[in-house]
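Reading the structure
Spelled out from the first residue to the last, the chains are:
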Amino acid sequence: MLDLKQIRENPQQVQAKLQLRGDYDLEPLLALDRQQRELETMRSQLQARSNDIGKQVGQQIKQGADPKGSDIAALKAAGNEVKAELSDLEPKERELKAQIESILLTLPNLPSDHTPQGATEDENVEVRRWGDEHIPQRSDILPHWEIGEKLGILNFERSTRIAQSRFVTLIGAGAALERALIQFMLARHTAAGYTEVMPPFLVNTASLQASGQLPKFAEESFQCKNDDLWLTPTAEVPVTSLHRDEILADSDLPLHYCAFTPCFRREAGSYGRDTRGLIRLHQFNKVEMYKFVHPDQSATALEALLADAEGVLQALNLPYRVLELCTGDLGFSAVRTYDLEVWLPSADKYREISSCSNCGDFQGRRANIRFKTSGQKGTQFVHTLNGSGLAIGRTMAAILENYQQPNGTVQVPEVLQPYLGRAVL
RNA sequence: GGAGAGGUGGCAGAGUGGUCGAAUGCGCUCGACUUGAAAUCGAGUGUACCGAAAGGUACCGUGGGUUCGAAUCCCACCCUCUCCGCCA
């Protein structure tokens, strides 16, 4: 959520930054804000009068005045008058506040000054490539779903029987490889100081709103309609809400977490895209990294987060490139985002495998997560960052293709062998 | 699912209509005493909004209601705990 005070004080600046992301008009919001504050002043003055009358009644009765006497009756009448005025103002103010809130909830975060300007993903900026020398030179590499089914470790067809299309069942070494990847990544991140958490995989509406998935992107999540619960679309959601409505001490920061969770996405509107394989499923596993940091630290924390995500790909010797997302491609909550794209030989291109974002205080404000600096009064919102480290299914796809051997087997990356107990699939 | 109990400040816990943002204890901060520490004593210690400030307003699970006045009474909802049933 954006800071209403900031919008009020620098409307043209905020407007200009929002314009980089889409078409937004702040004027209605500002008008509502002016009305609301005017009403608030009036209401609070009336309230003060009402409180004063109430106090007088109490005092006079205590001092022995006749509760049915004319003095008291006059006060009560005055009180009733104030109450009538209040009952007119209160609902109006409440309504205005609700309108302001609901508009604020739909405004995306402001891009950073570093973020390249652009309308679509075509204008994302490539920052660097890594591991060109690991790109397989053969031209007969099978797509991962074909080699996976050949090896009997991926099954898509039976998964439609169990669930629907866009689900996979991992079998034998496939299931073991998935588990090994999770273990490997968590071990790496915990060694780097991230605290492992395994949160609930069902989250409530407030949690989805806190991290920015709601209200705008409801159709992207699976909902349990009988309960106020949704299937988590990413660990970012439960981990953000791990500290929702808390006031931390500045000495608590930074907090670094990593979490393995399945992720559930409806992929509404992507019919016909990536219909085969592990790239776009309704359910996939992911190891996520997440940081709550002091505002002064979030810029450097993003670079460190990115390095940690890259480290996973490097350890697996998977070729990748780093993109910085342009303003038009930035996610709703993000100030600044790097995507990691891994080389997929069958597609002959790079595909997203990680997204590392600095959300500034946007989620901190939505989730009401603040910190207090000792010796200073007042609170500030924490900055939050999240990054995949990595999406497990897409990592498996990359391995099945980049490590494919001419004889139809797949080499197991060296760092995974201890976790898997074998060198070849 | 059935029966019951309960939701108050960082924590514990009082408060059943009036001056209660809220006793008391613990914790925490600062100060005194002490060579230092402990103990003791003193002062302080929630958040947000409006306002240049003085100050004002709101918040006792959430939302409504009664009343001049609600933490306290009424209604609805949510959540937590205990016992029983079911269950990994």
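Residues numbered from 1 in each chain as written. Chains lettered and ligands numbered in written order. Predicted model: local features only at pLDDT ≥ 70, side-chain atom pairs only at ≥ 80, totals over all residues. Heavy atoms only, no water.

Of note, the bond from Leu 214 into Pro 215 is cis; its omega dihedral lies within 30 degrees of zero at 5°. Note that Pro 215 resides in the loop between α8 (205–211) and β6 (223–224). With an omega dihedral of -5°, the bond running from Leu 253 to Pro 254 counts as a cis peptide bond. Relative to the assigned elements, Pro 254 resides in the loop between β8 (247–249) and β9 (255–264). At Asn 317, a position not held by glycine, the phi torsion is positive, near 55°. Looking at the secondary structure, you find Asn 317 in the loop between α10 (298–315) and β11 (320–324). (Helix = DSSP H or I, 4+ residues; strand = E, 2+ residues; numbered from the N terminus.)

If you walk across this open sheet you meet the three strands as β8-β14-β15, and the pairing is mixed. Each end of this open sheet is capped by a strand with a single partner; those strands are β8 and β15 (380–381). (Pairing = 2+ DSSP bridges.)

On to the protein's contact with RNA strand B. As a structural note, the neighbourhood of RNA strand B is formed by 23 residues, with Glu 40, Arg 43, Lys 62, Lys 372 and Thr 379 the closest of them. Each atom of RNA strand B within 4 Å of the protein belongs either to a base or to sugar and phosphate, the latter forming 70%. With respect to RNA strand B, the side chain of Arg 8 contributes an N or O atom lying 3.3 Å from a phosphate oxygen. Here Asn 51 contributes a side-chain N or O atom positioned 3.1 Å from a phosphate oxygen of RNA strand B. Taken together, the elements giving at least two residues each to the surface near RNA strand B come down to α3 (27–62), α4 (70–104) and β14 (370–372). In terms of residue count, α3 provides more of the surface near RNA strand B than any other element does, 13 residues in total. (Near = heavy atom within 4 Å. Polar contact = N/O pair within 3.5 Å; in protein donor to acceptor, adjacent residues only side chain to side chain.)

The subject of this paragraph is the state of the cysteines. The tally for this structure, following the rule as stated, stands at zero disulfides. Cys 224 takes part in no disulfide bond, and the closest cysteine sulfur, belonging to Cys 263, lies 15 Å away. (Disulfide = S-S within 2.5 Å.)

Moving on, we come to the layout of surface pockets. Estimated volume of the second largest pocket: approximately 420 Å³. For the second largest pocket, the lining is made up of 24 residues, of which Leu 110, Pro 111, Ser 112, Val 335 and Gly 360 are closest to its centre. When residues of the lining of the second largest pocket are traced back to their parent elements, those giving at least two are α10 and α11 (362–367). When residues in the lining of the second largest pocket are grouped by element, the largest group, four residues, is from α10. Its residues assigned to classes, the lining of the second largest pocket comprises nine nonpolar, eight polar and seven charged. (1 Å grid on protein atoms, 1.4 Å probe; cavity = no way out; pocket = protein on both sides within 12 Å on 5 of 7 lines; lining within 4 Å. Points joined across faces, edges and corners; volume = space filled by probe spheres on them. Nonpolar A, V, L, I, M, F, W, Y, C, P; charged D, E, K, R; others polar.)

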